[in-house]
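# Remarks on the overall topology
Chain residues, written in single-letter form:
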2 protein chains.
Amino acid sequence: VEAGDAAQIDQLLDPLHPADIAHLIEQVDASERRDLLNVWNGIDGDILSELDDGIREEIIENLAPSQLAEAVRDLESDDVVDLVEYLDEEQQEAVLGALEGADRVVVEKALAYPEESAGRHMQVEVVQAPEHWTVGQMIDYLRSEDVELPDQFYHVILVDARIKPVAYVTLGRVLSARRDTPLRDIAEESFRTFNIEDPVGDVAHAFNHYHLISAPVVDNDDRLVGVITIDDAMILLDEEHEEDILRLAGVGEGSLTDTVIETTKQRMPWLAVNLVTAVLASGVIGLFEDAISAIVALAVLMPIVASMGGNAGTQSLTVAVRAIATRALTGSNVWRVIRRELLVGAVNGVLFAVVLGIFGFAWFGSPMLGVVLAAAMIINLVVAGLAGTGIPVILEKLGIDPALASGAFVTTMTDVVGFFAFLGLASVVLL
Amino acid sequence: VEAGDAAQIDQLLDPLHPADIAHLIEQVDASERRDLLNVWNGIDGDILSELDDGIREEIIENLAPSQLAEAVRDLESDDVVDLVEYLDEEQQEAVLGALEGADRVVVEKALAYPEESAGRHMQVEVVQAPEHWTVGQMIDYLRSEDVELPDQFYHVILVDARIKPVAYVTLGRVLSARRDTPLRDIAEESFRTFNIEDPVGDVAHAFNHYHLISAPVVDNDDRLVGVITIDDAMILLDEEHEEDILRLAGVGEGSLTDTVIETTKQRMPWLAVNLVTAVLASGVIGLFEDAISAIVALAVLMPIVASMGGNAGTQSLTVAVRAIATRALTGSNVWRVIRRELLVGAVNGVLFAVVLGIFGFAWFGSPMLGVVLAAAMIINLVVAGLAGTGIPVILEKLGIDPALASGAFVTTMTDVVGFFAFLGLASVVLL
């Protein structure tokens, strides 16, 4: 198909959803992508919005200014902000230049809010009404020709004379009430507003926690300036999760479409941190060279203790990081959770100590070696429970993202303690 | 406050959102919770819905049948299903018994669908209209007294004579159109239906991918039987993520409120798997006992190679598992992704090999030891890239959840290869 037949490509892609077209563009490799875009010029704003950052940049670079202008003109303000926020300055300028005056001002204002804030991600197209209106007035207003409505809206926000949001009404209620009903009477009971500076993580969490569908955003004078809707909140929540999962694994940002060089750069820092911690653990082993040359079995068995500790630590750590992210782990229950993790570590430690002690005895024929192995296992699993919960909690208190940094600390801890406990005990007991 | 003053507790809890009350109930410990519920009987269906499974069971056990009946009567059908699906049979029976006949039938029907299916999670309260209606007819229908509308709805689904959904109209459009406009003319262009048997993971992904707000669910005859809305989809997506994150860390299910015994049971199987793989790795080390007794430095350095490989493998693995979950990694780009991971492994391998080679030489004064360390590092990071991507892809093809099982396979691989490459090369080169 990539043999230059634009009409046929058009016919193939036309019935697809923009998200699917974007997916397709991401799936093919770089040279196929260039070929496709040379013959097919159907890229519009919706497709651009759906693309991965890297590929979006690549494509915007190759678009003619007029094509770009046309592509972004139909997007809502928040989609344009999403589109341009991670572009380099030159490209950002090109996109903004393509917007009409008023739209441009809106986008520039949004970009002035801090990254990852409610102000950045809100939509400024809001349907609002004075709080004293009736259902009839509302419907007449919505039907009047000169009102430009957002593509999708689910609530009407009621505001007082100072444009402060005071309540909201779902469209379902507006539709099912009589024309003379005051809007106030059918307003929802629970009602939450966000400030423009609220971090998007909190916003996404609140949508999920309170099952919000949309929520007004106010400036520092409490005046209504925009709205965040659940579809945006769902995307934000998805991104938060993605970030957590990737950070826990030490991958940072990055997507499948990044190049080898980009990916190597993303992963190297974490591997470098791991190298330092691994060398630290090696240093601990180095302290016991004499013991190892005397009993080689120690070298054979020591990775088991460290590896079990590392795994148990990662378990505790992941549970703690998730609990912090979902606000389930707070100051009031942190000691209870730590106590639980210590106990779990102790119980699992004893169970595996028995198994491993017997195993060590059976393999190397030394009952004392089995005892040392068992004791080191218990110590390391208890430390794993303590470190796995305590470290993320402390990092959170220090204002450091626990998903990002905990892993390295916890595995260093379990490696060092694992080797030290096993080899140290062995030196004392067996030599 | 827990001194028995029910009125005061009422006053404190009353202004709170049910989700916050549930959160509070989860935060306090078991005996405080019992005290609280002895003096305060404000538990309603909304609060029960928000609670963690374990605590919900505990509370339902202690509720009088009449209290339980009252609590569940006001919930929508999908919320009742969520509430009861993981209760034991006796409790399920008690809740179902509290429902009125028609509601009970609906819930029992939903429970008959497979777990984690669209049918289980849909809401049967749907606002539908014949496709030939006008805006005016629609509004009159919604306003009529004898129609019972769901609490929240955002779309009207148009159906044909066979109750097959053919299009949907957003309420915003209904409100802003003139009364004589046919609903067909203001229907949305893109439109997606789900089958009752579709897995919820796919449903959640489709909502996120296509930015759906609500979508009709049809039975095997294509007849409209329910609707899934974005707020439910958001919860499903959140659960999928949670599951992925916990499975990757080998934690399985489980929440902060589980007891020590429950938590120990959840984590033990993963630790047991890890024990087997660690013993396997030890076996590899055991093959080289002679080399280690000759050169103790090998024992000191060998964990570095294994640990770097394990980390790099986890990075590749996490990216692959996420890409499979978001459908970004498919048959068409799998070879490209594997090639990229191999190259990233090789580049990082060479970089860290140089650092580590120099380090090994400097520490132990043997240039050949540095070379062996460097070579083993390159081999292990390339294997990590290959295994980290290949193993989840193969597991996915075999129908096994890659998030669940990949970790153990990948770290076994990097441990075994790491120890074997380093000690094997050392035996050949240095002895």
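Residues numbered from 1 in each chain as written. Chains lettered and ligands numbered in written order. Predicted model: local features only at pLDDT ≥ 70, side-chain atom pairs only at ≥ 80, totals over all residues. Heavy atoms only, no water.

This part takes up a negative patch on the surface. All names here are of chain A. The grouping of Asp44, Asp46, Glu70, Asp74 and Asp151 at the surface amounts to a negative patch. Structurally, the position occupied by Asp46 is in helix H4 (residues 45–50). Taking relative accessible area as the criterion, Asp46 reaches 40% and is therefore assigned partly exposed. (Patch = residues over 30% accessible without salt bridge, like charges linked within 9 Å, V, L, I, M, F, W, Y side chains within 5 Å. Areas by Shrake-Rupley, 256 points an atom, 1.4 Å probe, with all protein chains shown as cover. Salt bridge = Lys/Arg side-chain N within 4 Å of Asp/Glu carboxyl O. Lys, Arg positive; Asp, Glu negative; His and termini not counted. Charge placed at Lys NZ, Arg CZ, Asp CG, Glu CD. Helix = DSSP H or I, 4+ residues; strand = E, 2+ residues; numbered from the N terminus. Buried < 20%, exposed > 50% of the residue type's maximum accessible area, 1.4 Å probe, protein only.)

In this arrangement, two copies of a chain are superimposed by a rotation about an axis accompanied by a shift along the axis. In screw terms, the move from chain B to chain A is a rotation of 180° and a rise of 0.0 Å along the axis, fitting with an RMSD of 0.1 Å. What the rotation and shift describe, once combined, is the action of a two-fold rotation axis. When the interface residues of chain B are mapped onto chain A, 99% of them again fall at the interface, so both copies present the same face. (Least-squares fit on C-alpha atoms with pLDDT ≥ 70 in both. Contact = heavy atoms within 4.5 Å.)

Another point: helix H7 (residues 77–84) of chain A. Of all eight residues in H7 of chain A, six are buried; the element is thus mostly enclosed. Looking at H7 of chain A, one finds that the buried residues are Ser77, Asp78, Val80, Val81, Leu83 and Val84 of chain A.

The next subject is the domain arrangement of chain A. Each assigned domain of chain A is listed with its residue range as follows: domain 1 (6–112), domain 2 (128–248) and domain 3 (260–430). Placing a centre on the C-alpha atoms of domain 1 of chain A and another on those of domain 2 of chain A gives a separation of 28 Å. (Domains from an automatic or database assignment.)

All names here are of chain B. Enumeration according to the criterion identifies eleven aromatic pairs over all chains in this entry. Judged by centre distance (5.4 Å) and plane angle (65°), the ring pair of Trp133 and Tyr141 falls under edge-to-face. Relative accessible area serves as the criterion here: at 17%, Trp133 is assigned to the buried category. On the accessibility criterion, Tyr141 (29% relative accessible area) is partly exposed. Ring centres 5.4 Å apart and planes at 65° place the aromatic pair Phe359 and Trp363 in the edge-to-face group. (Phe/Tyr/Trp six-rings, centres within 6.5 Å; stacked < 30°, edge-to-face > 60°.)

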